[in-house]
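Listed here are the chains, written in short residue letters.
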Amino acid sequence: MDKRLLDILCCPVSKTPVRQLVRGELEAVNTAIERGEVDTVAGTPVRDRLGEGLITIDRKVIYRVDDGIPVMLPEEGIGTVQLKDFPAAA
């Protein structure tokens with residue numbers, strides 16, 4: 001993802017800056033998705049693995065990136081509290 005774009009993106013709800021998910025975080029999210037344990041903040045089950053994602057720097061919300069385009073819709077966010085095996089720090 002373009003660093004200039006990443007520098008201006010933030011969570012649409014909390015306005016917290018975001019960063020790219022690192023490999024361990026992405027693997028943990030995808031494992032939970034495969035087990036059917038992940039919902040969006042709107043309560044919709046997440047069924048598709050993330051190829052790429054952004055996470056708020058406070059590590060509370062993940063946003064998917066589809067074909068290089070960040071999906072920064074509040075209802076599409078994935079709360080990290082529900083992820084049991086999410087790495088403690090990146």
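As the structure is a prediction and not an experimental result, all values here were calculated from the model.

**With respect to the nonpolar core**
Counting 14 residues, the largest nonpolar core has Leu21, Val29, Val38, Leu50, Ile62, Leu83 and Phe86 as its most contacted members. It is helix 2 (residues 23–34) that contributes the most residues to this core, five residues altogether. With nine residues, the next largest nonpolar core counts Leu6, Val18, Val61 and Met72 among its residues.

**Describing helix 2**
Given a rise of 1.5 Å per residue, 12 residues ought to cover 16 Å, and the 16 Å separating the end C-alpha atoms of helix 2 matches this to within 8%. Turning to helix 2, its buried residues number three or more, namely Glu25, Leu26, Ala28, Val29, Asn30, Ala32 and Ile33. On its buried side, helix 2 packs onto strand 1 (18–20), strand 2 (53–56) and strand 3 (61–66). Looking one or two residues past helix 2, Gly36 carries a phi angle of roughly 75°, positive in sign.

**A few points about the side chain of Thr40**
Here Thr40 shows up in the loop between helix 2 and strand 2. Overall, the relative accessible area of 9% leaves Thr40 in the buried class. Not counting residues up to four positions away in its chain, the partners in contact with Thr40 are Val46, Glu75, Glu76 and Gly77.

**Quick word on the pattern of salt bridges**
Tallied over the full model, the rule gives seven salt bridges. Of the charged contacts in the structure, one is a salt bridge between Glu34 and Arg49, with a shortest N-O distance of 2.3 Å. Of this pair, Glu34 sits in helix 2 while Arg49 sits in the loop between helix 2 and strand 2, placing them 15 residues apart in sequence. Here the residues in one salt-bridge network are Arg19, Glu25 and Arg59, joined through shared partners.

Conventions adopted
- Residues numbered from 1 in each chain as written.
- Predicted model: local features only at pLDDT ≥ 70, side-chain atom pairs only at ≥ 80, totals over all residues.
- Heavy atoms only, no water.
- Core = buried A, V, L, I, M, F, W, Y, C linked by side-chain atoms within 4.5 Å.
- Buried < 20%, exposed > 50% of the residue type's maximum accessible area, 1.4 Å probe, protein only.
- Helix = DSSP H or I, 4+ residues; strand = E, 2+ residues; numbered from the N terminus.
- Expected span 1.5 Å × (residues − 1).
- Contact = heavy atoms within 4.5 Å.
- Salt bridge = Lys/Arg side-chain N within 4 Å of Asp/Glu carboxyl O.

Nothing here speaks to function; it is geometry throughout.
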